[in-house]
Amino acid sequence: MERLGTGIGWRPEIADAVENMPGIDWVEAVAENVCPGHLPESLRRLRERGVTVVPHGVSLGLGGADRPDAGRLLALAERAEALGSPLVTEHIAFVRAGGPLTASPRLEAGHLLPVPRTRDALDVLCENIRIAQDALPVPLAVENIAALISWPGEELTEGQFLYELADRTGVRLLIDVANLHTNHVNRGEDPAEALAGLPLEAIAYVHVAGGFERDGVWHDSHAHPVPRPVLDILTELASRVSPPGVLLERDENFPEPAELERELAGIREAVEKGGGARADGAWRAAAEPSSVSTESARQRVALAQTALLSALVAGTPVPEGFDRVRLGVQARALAGKRADVVAKVAPELPVILGAGYRPAFLAYAQGAPMTDGYRRDALDFAEHLLLAGEPGDARVRRELREWWLERSGPAPRSRRPGIRLARATRRALLRR
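Reading the values: rules and limits
- Residues numbered from 1 in each chain as written.
- Predicted model: local features only at pLDDT ≥ 70, side-chain atom pairs only at ≥ 80, totals over all residues.
- Heavy atoms only, no water.
- Helix = DSSP H or I, 4+ residues; strand = E, 2+ residues; numbered from the N terminus.
- Buried < 20%, exposed > 50% of the residue type's maximum accessible area, 1.4 Å probe, protein only.
- Areas by Shrake-Rupley, 256 points an atom, 1.4 Å probe, with all protein chains shown as cover.
- Lys, Arg positive; Asp, Glu negative; His and termini not counted.
- Charge placed at Lys NZ, Arg CZ, Asp CG, Glu CD.
- Axes fitted to C-alpha atoms, helices over the stretch in contact; angles between N-to-C directions.
- Parallel < 35°, antiparallel > 145°, perpendicular 65-115°, else oblique.
- Contact = heavy atoms within 4.5 Å.
- Nonpolar A, V, L, I, M, F, W, Y, C, P; charged D, E, K, R; others polar.
- Phe/Tyr/Trp six-rings, centres within 6.5 Å; stacked < 30°, edge-to-face > 60°.
- Core = buried A, V, L, I, M, F, W, Y, C linked by side-chain atoms within 4.5 Å.
- Polar contact = N/O pair within 3.5 Å; in protein donor to acceptor, adjacent residues only side chain to side chain.

Let us look at the overall build of the protein chain. Broken down by element type, the protein chain carries 16 helices and 12 strands. The principal-axis extents of the C-alpha atoms in the protein chain amount to approximately 75 × 50 × 45 Å. By the burial criterion, 51% of the 432 residues in the protein chain qualify as buried. Here the protein chain displays about 19,300 Å² of accessible surface, and carbon together with sulfur accounts for 51% of that area. Placing the 51 positive and 60 negative side-chain charges of the protein chain at their respective mean positions leaves the two points 9 Å apart.

Written out as structure tokens, the structure is:
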């Protein structure tokens, strides 16, 4: 595996700081935020300096019951080629459910949700990863995720699940030590036990990030400093294997560059501390396809994931065996994240609605699950308010209507008389 060194997550908000930061060997960019034909100038300059850029996907849903979408795989491949990347990464998670397998409406989580550690889920995940590997021009690595909730009736530990996954597919692993800490607090899972069960030779690189604890629940925010327990897990991992790369993730609430540099220094120290005596475990990448059909497993996984996601975003009954309180925490976290992302995708909405934006969106989200991405969600939210005669202030409602009309059509608004007449008709219908 290529040695990557020490890196940081590239984000537009800290692009200048990353470019000027000493000791950065590589960066990771969210794949969905990069357009292959129009790469950000900052990423171009980094590439020209020889800095490795790795695209990190968040929407493929490899742990879902459906086979990976060919369009999403093509998009990920295009980004890997445009960036000259040595590998691409994604998550061991599901992000959507419903659809033909369950004869129910398609639901989007807008976030990464854990797959059950069962034989069915493992069979489906292995086949999905093989499909992705065949479609990508470079090796794939997949990341363990953080979770607020636990599935009932799990058959494998985290280490066993990841070991079998790597052994059966040959896929590389992106180990997030912050997620191991999250699962320790939220699900009582021992990070050292998880590390002991991992196929260490399969590790492509390591994520390190911060979070916060509230009411006994750890939130993997990527918006807070890296805490000591996460660095201790990194040291434990480094005592077992020399990680090819270690990367600091920060997605928002960005501190001054000097603070980021101090966090990177702490990460280097944690790796060095663990780099004394180590005995690397042996791992064999079998990558042999199974002859067992996954169709029945896909059906069972689809039903289970749809029931869970529906409870989280559509208010349906909590499936048997789940912690109702913890599911409530997860549901509120999903709604809050959804409100935050819509505000970023459509920044005019918080400006138009002011302080009323967030409570209005959270109320809307309770009865309107996301079905087709955040941009569609923003338009549907605005339409919902207008049809309900909201906001009460006529000026604000007029601004919101203008915003919706400008963006809801297949093309920008025209000044041609015929199209203006059609626009006026739509406006009249909305008033009703």
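This paragraph deals with the packing of helix α13 (residues 357–367) against helix α14 (residues 373–387). For the pair α13 and α14, interaxial distance at closest approach is 11 Å and the crossing angle is 95°. Here α14 runs roughly perpendicular to α13, going by the angle between their axes. Counted together, Tyr357, Ala360, Phe361 and Tyr364 of α13 and Asp377, Asp380, Phe381, His384 and Leu385 of α14 form the full contact between these two elements. Grouping the amino acids of the contact of α13 with α14 by side-chain chemistry returns six nonpolar, one polar and two charged.

Before going further, it helps to spend a moment on the environment of valine 30. Summarising the element assignment, valine 30 is placed in strand β2 (residues 26–30). For valine 30 and valine 54, which are 24 residues apart along the polypeptide, the C-alpha to C-alpha distance reads 8.6 Å. Contact partners of valine 30, with chain neighbours within four places excluded, come to Arg11, His56 and Val58.

The omega angle of the peptide bond from glutamate 390 to proline 391 is -10°, so this bond is cis rather than trans. Following the sequence through the fold, proline 391 ends up in the loop between α14 and α15 (394–408). Unusually for a residue other than glycine, alanine 103 sits at a positive phi of about 50°. Tracing the backbone shows alanine 103 in the loop between β5 (94–99) and β6 (104–113). When its relative accessible area of 75% is taken as the criterion, alanine 103 is described as exposed. A positive phi angle, near 60°, is found at histidine 222, a position not held by glycine.

The final tally for this structure, using the stated rule, is seven aromatic pairs. For the pair tryptophan 151 and phenylalanine 322, a centre-to-centre distance of 5.2 Å together with 65° between the ring planes defines the contact as edge-to-face. Here phenylalanine 322 lies in the loop between α10 (295–313) and α11 (324–345) and tryptophan 151 lies in the loop between β7 (140–143) and α5 (158–169), a separation of 171 residues in the sequence. Residues tryptophan 151 and phenylalanine 322 agree in their burial class; the two are buried. Relative to phenylalanine 381, the ring of phenylalanine 361 has its centre 5.0 Å away and its plane inclined at 70°; by these criteria the two rings are edge-to-face. Taken as a pair, phenylalanine 361 in helix α13 and phenylalanine 381 in helix α14 lie far apart in primary sequence, 20 residues in all. With respect to class, phenylalanine 361 is no different from phenylalanine 381; both count as buried. Connected via pairs of aromatic rings, a cluster forms that spans Tyr357, Phe361, Tyr364 and Phe381.

The subject of this paragraph is the nonpolar core. In terms of nonpolar packing, the biggest core is built from 88 residues, with Ile8, Val27, Leu43, Leu140, Val142, Leu165 and Val208 touching the most fellow members. The contacts of leucine 165, once residues within four sequence positions are left out, are Ile92, Leu122, Leu125, Cys126, Ile129, Val142, Gly170 and Val171.

It is worth spelling out the side chain of glutamate 158 at this point. Within the secondary structure, glutamate 158 sits in helix α5. Taking relative accessible area as the criterion, glutamate 158 reaches 11% and is therefore assigned buried. Of the polar contacts made by the side chain of glutamate 158, one reaches the side chain of arginine 117; its length is 2.9 Å. Not counting residues up to four positions away in its chain, the partners in contact with glutamate 158 are Arg117, Asn144, Leu180, Asn183 and Ala194.

Fair warning: the whole summary comes from geometry, so function is off the table for now.
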